[in-house]
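Per-entry structural report
What follows is the residue order along each chain.
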Amino acid sequence: MAVCMNCGKKTGMRNPEYYLDSDMTQVLCGECYKKLAHFQIKSDENDIQKFDETFKLIQMEMEEHTFNDETKTAINRYLQKRRAKIERNILDEKKKYIDLSNMNTHLLTTGYNFEGYEISAYLGVISGQSALGSGAFSGWSAAANNFLGTESSYFGNRLIEAKESATRELIISSLMKGGNAIIGIDFDYIIIEGLITVIANGTSVITTKK
Ligand SMILES: [Zn+2]
């Protein structure tokens, strides 16, 4: 039994609960859930446009039934997660059609040129991202404890893994644009949904040997 974050009613046999987060702290009761007709539709896992339309309809339903701000935020966060998953599915699908054997020969630099090569085309800004995973926070405190110590951390290793994974995603984005090299690579660290996420940015280019 739980309490609905929107209407405050207790959930139970007749009024089942729906969780909006994996921690199961944000609960919507069955009565409130039923007010969101579009929330109940299982969206196509590969159609972002359709999802965005559904997203708008759910916003209207929440306004219509005057859902409170806290609930709106929780539902939107839940929907954003689902949207991110669809984006990942679409990317995975695209990856099937590119030649990943070219990954290892892709030239990479934080600078803006390569010795002995000239850039013949700029294909645009690209990015790749990778989260450290939910276990990273326990590592984070361990890392903080070790901060002044000599031991290098579990966290440091996780960070390197995430950077490598973000770089792989970056190369895949470049390959998808038809590039063979990336210039101006840098890394940002942000927190998304409580997860530390590494984002690699760069510009995909085509280089030819001089
Ligand atoms: Zn309710």
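Our subject is the structure that appears above.
The shown structure was predicted, so the numbers you read here are calculated from the model rather than taken from an experiment.

Parameters and conventions
- Residues numbered from 1 in each chain as written.
- Predicted model: local features only at pLDDT ≥ 70, side-chain atom pairs only at ≥ 80, totals over all residues.
- Helix = DSSP H or I, 4+ residues; strand = E, 2+ residues; numbered from the N terminus.
- Buried ≥ 20, exposed ≤ 12 C-beta atoms within 10 Å, placed from the backbone.
- Pairing = 2+ DSSP bridges.
- Contact = placed C-beta atoms within 7 Å.

A separate point is the overall build of the chain. Check the secondary structure of the chain and you find five helices and six strands. Listing every helix and strand of the chain by position from the N terminus yields β-β-α-α-α-β-β-α-α-β-β. Within the span of the chain, comprising 210 residues, buried residues form 20% of the whole.

It is worth spelling out the sheet that holds strand 5 (residues 181–192) at this point. In space, the four strands of this open sheet follow the order 3-5-6-4, with mixed pairing throughout. With partners counted over all chains shown, the strands left at the sheet margins are strand 3 (107–108) and strand 4 (117–131), one partner each. As paired strands, strand 5 and strand 6 (residues 195–209) are joined by ten bridges and run antiparallel to one another. Counted as the bridge partner of Tyr-189 is Val-198 from strand 6.

Structurally, Lys-35 can be placed in helix 1 (residues 30–35). Residue class for Lys-35 comes out partly exposed when judged on the 16 C-beta atoms lying within 10 Å of it. Along the primary structure Lys-35 and Glu-61 are separated by 26 residues, whereas in three dimensions their C-alpha atoms are 7.2 Å apart. If we ignore the near neighbours within four places in the chain, the residues touching Lys-35 are Glu-61 and His-65.

Next up on the list: the pairing of strand 5. Bridge count for strand 3 against strand 5 is two bridges, and the pairing is parallel. Bridged to Leu-107 within strand 5 is Ala-181.

One non-glycine residue, Met-24, lies in the positive phi region at around 60°. If you trace the backbone, Met-24 turns up in the loop between strand 1 (17–19) and strand 2 (27–29). You can call Met-24 exposed: it has 10 C-beta atoms within 10 Å. With a phi angle near 40°, Thr-66 is a residue other than glycine that sits in the positive phi range.

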